[in-house]
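Observations on the three-dimensional arrangement
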Amino acid sequence: MVKESYERVLEQVALACEKCGRAKSSVKLLAVSKFHPFQEMLALYQLGQDAFGESYVQEALGKMADFEKEGFSPNFHFIGHLQTRKAPLVAGNFQLIHSLDSEKLGLALEKALLAQNKTQDVLLQVNLALEPQKSGVAQDQLLPLATFVLEHCPHLKLKGLMCLPPLEAEGEKARPYFVALRELRDKLALSLQLSLPELSMGMSGDFPFAIYEGATIVRVGTALFGPRPPK
Ligand SMILES: *Cc1c(COP(=O)(O)O)cnc(C)c1O
C-alpha cells in the first residue's frame, strides 16, 4: 500500500535528519514516479505528497495533463537525460530540471525560455565515476559548464548539483559519492561567488546516507511505489 510506504519513507527521512541534527524541512522528498500509473501518483498526492520526479518527457507531460483534469497541479521535476531537441517541451514546465549537463542543452533551454519570457531553475548533473553509459558532466568540466551557463543562459537559474552514484555502490557504499558532490558544490559556490543551495542525491537504497551528507532533495521511487513495471 502506498500509504504505508509513504509513511515509512517520511519516517526514515525524519529519522535521518534527527540523527545528523538537520531540520526535517531542509530535505525535500521527491517521489520518482516514472513508469508508475497516474492513479498511484494521485493516491500519493492526496496523502500530501506534492512533488514528483519524472525521467521521460512525454510520460511526464501526460501525467501533468492527468492531474490538470482532476483540478490539481503538483510540482514536477525533470530528472532524466534530456535530449536537446526535447528542450522546448521541458523548459518552463518543470519546477526544477536536475539534469543539465552540456552547453548545447543549456543553449536549447535558454532559447525556449527566452521565447516564453520565463526563467527555469536547474541543477548540473555530475558524472562522478565517469561512467560512459551515464549522462552528467565530468568533474573537471563542471566549472567551465557553470561559467558558460552564467554567461550565456540568463534565463537559467543555477541552484546546485545532482548525482547518480554507480549502481554497484549500494547503501552506505554510495556515501563517498555524496561527500564528493557536496565538496564539489562548496568549491563551485566559492569559485563563482554564488549560493548553490540544492544537492539532489540519494535514492531508495541510500537516501539516509545522502541526508547525512547534506542532500536537500532525495529522489525516491521504489521505496514508495514498489518495483517499476516494465514500460
Ligand atoms: C529512477 C530514478 C530514481 C529513483 O530510483 P529508486 O531506486 O527507485 O528510488 C532516482 N533518480 C533518478 C535520476 C532516477 O532515474
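Everything here concerns the structure above.
Here is what the cut-offs are and how they apply
- Each residue is numbered by its place in its chain's sequence as written, counting from 1.
- Local features are withheld for residues below a pLDDT of 70 in this predicted model, meaning they are given only at 70 or higher, and side-chain atom pairs are given and counted only at 80 or more; totals for whole chains, interfaces and linings count all residues.
- To obtain the side-chain values, all non-hydrogen atoms of the structure were used and water was disregarded.
- Going along the chain from the N terminus, every DSSP run of H or I of four or more residues is numbered as a helix, and every run of E of two or more is numbered as a strand.
- Using C-alpha atoms as the atom set, the radius of gyration is obtained and then compared with a globule rule of 2.2 Å times the number of residues to the power 0.38.
- Note on definitions: a residue-residue contact is assigned when non-hydrogen atoms from the two residues lie within 4.5 Å.
- Only the protein chains shown count as cover for residues, and all accessible areas are computed by the Shrake-Rupley method using a 1.4 Å probe.
- We count Lys and Arg on the positive side and Asp and Glu on the negative side, and we leave His and both chain ends out.
- Here the site of a charge means atom NZ of a Lys, CZ of an Arg, CG of an Asp or CD of a Glu.
- The rule for a residue being near a molecule or strand is that one of its heavy atoms must lie within 4 Å of it.
- A 3.5 Å cut-off defines polar contacts: any pair of N or O atoms within that distance qualifies, except that in protein one atom must be a possible hydrogen donor and the other a possible acceptor, and neighbouring residues in sequence count only when both atoms are side-chain atoms.
- Only Asp, Glu, Lys and Arg are considered charged, only Ala, Val, Leu, Ile, Met, Phe, Trp, Tyr, Cys and Pro nonpolar, and every remaining residue, Gly among them, polar.
- Using a 1.4 Å probe on the protein chains alone, a residue whose accessible area is under 20% of its type maximum counts as buried, one over 50% counts as exposed, and one in between counts as partly exposed.
- The term salt bridge refers to a side-chain nitrogen of Lys or Arg lying within 4 Å of a carboxyl oxygen of Asp or Glu.
- Buried Ala, Val, Leu, Ile, Met, Phe, Trp, Tyr and Cys residues that are joined via side-chain atoms within 4.5 Å together make up what is termed a nonpolar core.
- Geometry is summarised by axes, namely lines fitted to C-alpha atoms with helices restricted to the contacting stretch, and by angles between N-to-C directions that run from 0 to 180 degrees.
- An angle below 35 degrees is read as roughly parallel, one above 145 as roughly antiparallel, one from 65 to 115 as roughly perpendicular, and any other as oblique.
- Two helices that cross are described as forming a left-handed crossing if the nearer one is turned anticlockwise from the farther one by less than a right angle, and a right-handed crossing if clockwise.

Notes on the overall build of the chain
Counting its regular elements, the chain contains nine helices and eight strands. Computed over C-alpha atoms, the radius of gyration of the chain comes to 17 Å, within 12% of the 17 Å expected from 2.2 N^0.38 for 231 residues, which places it in the range of a compact globule. Summarising the internal contacts of the chain: among those between residues at least 6 apart in sequence, 62% fall at separations of at least 24. In the form shown here, the chain has an accessible surface area of approximately 11,000 Å², with 53% of it arising from carbon and sulfur atoms. For the chain, the distance from the average site of its 25 positive side-chain charges to the average site of its 26 negative ones is 2 Å.

Some words on the site of the ligand
Near the ligand, the surroundings consist of Val32, Lys34, Ser55, Ile79, Leu164, Met203, Ser204, Arg219, Val220, Gly221, Thr222 and Arg228. Here Ser204 contributes a side-chain N or O atom positioned 2.5 Å from an oxygen atom of the ligand. Between an oxygen atom of the ligand and a main-chain N or O atom of Gly221, the distance comes to 2.8 Å. Looking at side-chain class alone, the shell around the ligand contains five nonpolar, four polar and three charged residues.

With respect to unusual backbone geometry
Here Phe35, not a glycine, exhibits a phi torsion of approximately 70°, which is positive. The residue Phe35 is located in the loop between β1 (28-32) and α2 (38-46) in this model. What makes Phe35 partly exposed here is its relative accessible area of 24%. Located in the positive-phi region is Gln193, a residue other than glycine, with phi close to 55°. The class of Gln193 is exposed, set by a relative accessible area of 67%.

Some remarks on the pattern of salt bridges
Applying the stated rule across the entire model yields nine salt bridges. Linking Asp66 and Lys69 is a salt bridge whose minimum nitrogen-to-oxygen distance equals 3.6 Å. With Asp66 and Lys69 both in helix α3 (residues 57-69) and three residues apart, the pair spans about one turn of that helix. We classify Asp66 as partly exposed; its relative accessible area is 24%.

Some details on the nonpolar core
One finds Leu109 and Leu161 to be the most contacted residues of the largest nonpolar core, which totals 67 residues. If we skip the residues at most four places from it in the chain, Leu109 touches Leu82, Ala87, Ala91, Ile97, Leu100 and Leu156.

Considerations on the packing of helix α5 (residues 103-116) against helix α6 (residues 142-152)
α6 packs onto α5 with a crossing angle of 20° between their chain directions and a minimal axis gap of 10 Å. When the axes of α5 and α6 are compared, the pair comes out roughly parallel. Regarding α5 and α6, the two cross each other, and that crossing is right-handed. Touching Glu103, Leu107 and Glu110 of α5 are Leu145, Phe148 and His152, all from α6. Taken together, the residues that form the contact of α5 with α6 break down as three nonpolar, one polar and two charged.

Concerning the environment of Leu105
One can find Leu105 in helix α5. On the accessibility criterion, Leu105 (1% relative accessible area) is buried. Among residues more than four places away in sequence, those in contact with Leu105 are Leu82, Gln83, Thr84, Ala87, Ser99 and Leu100.

Notes on the environment of Arg175
Structurally, Arg175 is set in helix α7 (residues 175-192). Of the residues examined, Arg175 reaches a relative accessible area of 25% and is grouped as partly exposed. Spatially, the C-alpha atom of Arg175 lies 9.8 Å from that of Ile211, the residues being 36 residues apart in sequence. Setting aside residues no more than four positions away along its own chain, Arg175 makes contact with Phe209, Tyr212 and Glu213.

Don't take any of this as a statement about function, it's just geometry.
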